[in-house]
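Chain residues, written in single-letter form:
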Amino acid sequence: ENNLDWTLHARALDEAGSYSAHSTSTFKFDVTAPVTVTTNVVEGSTVTAYAVIAGTGADKTAVGGVLASGLAPIAMTDALQIRIREVNTGNYWNSIGGWGGSGFFSLGSANIERYTSSYTWFYDIDDDAWTSGYTYQINLKARDAAFPSNYENNYGTRTFAFDSTEPESVVT
């Protein structure tokens with residue numbers, strides 16, 4: 001059953017009929033990928049400023065509240081990744097200050113607060129990165145601490161428009 005701890009008990013029998021010492025190994029059976037979302041922009045909204053992208057995630061718990069494996073250790077470079085796409089051009093943010101990246105990049109350990117089976121995260125981005133009138137899409141994916149790891153396949157996604165143009169008003 002998913003997210004439960006299992007213990008294997010083993011011993012060997014030789015041709016003479018003698019048994020080896022009993023050994024055990026405990027492991028968590030986890031086949032559920034984590035789920036990550038962006039929490040500070042509403043899907044389909046229009047924003048006038050967006051300097052910190054932030055969100056949460058969790059490695060789901062099983063029925064009965066049994067804890068899952070949790071997010072992969074932050075030292076693993078692909079524990080939590082983000083991809084920011086400029087929909088109008090198809091370009092991706094390159095994580096060092098410009099468009100023209102190739103897709104997902106990893107968030108650093110300073111940007112992730114990890115708990116037993118959940119996490120919060122943020123990514124600072126300058127408002128100058130956004131082009132007024134353009135639409136953007138943010139995708140997130142994480143991996144858990146299970147072995148082998150479960151990777152998030154249904155990316156957490158938010159699409160929004162950026163509009164920093166001052167409205168015009170005319171007195172008649």
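Our structure is the block above this text.
Residues numbered from 1 in each chain as written. Predicted model: local features only at pLDDT ≥ 70, side-chain atom pairs only at ≥ 80, totals over all residues. Heavy atoms only, no water.

Draft legend 1. Representation of unusual backbone geometry. The phi angle at S95 is positive, at roughly 75°, despite the residue not being glycine. As for its position among the elements, S95 is in the loop between β7 (91-93) and β8 (99-101). The class of S95 is partly exposed, set by a relative accessible area of 32%. (Helix = DSSP H or I, 4+ residues; strand = E, 2+ residues; numbered from the N terminus. Buried < 20%, exposed > 50% of the residue type's maximum accessible area, 1.4 Å probe, protein only.)

Draft legend 2. Main features of the sheet that holds strand β3 (residues 35-38). Strand order in this open sheet of four strands is β3-β5-β11-β10, and the pairing throughout is antiparallel. Edge positions in the open sheet fall to β3 and β10 (112-114), since each of these has one partner strand only. Taking the axes of each pair of neighbouring strands and ignoring which way they run, one obtains an average angle of 15° across the sheet. Relative to strand β5 (residues 52-58), β3 runs antiparallel, the two being bridged by four bridges. By the bridge assignment for β5, T38 is matched with G55. (Pairing = 2+ DSSP bridges. Axes fitted to C-alpha atoms, helices over the stretch in contact; angles between N-to-C directions.)

Draft legend 3. Highlighting the pairing of strand β6 (residues 80-86). A large share of β6 lies buried, amounting to six of its seven residues. Examined bridge by bridge, β6 and strand β12 (residues 135-142) share seven bridges and lie antiparallel to one another. Bridging from a neighbouring strand, L80 pairs with A142 of β12. Looking at chain direction, β6 and strand β9 (residues 105-106) are connected through two bridges and run antiparallel. Its bridge partner being in β9, I82 is matched across the sheet by F105. Pairing analysis gives two bridges linking β6 to β7, with the strands arranged antiparallel. Bridged to E86 within β7 is N91.

Limitation: the analysis is restricted to geometry and does not speak to function.
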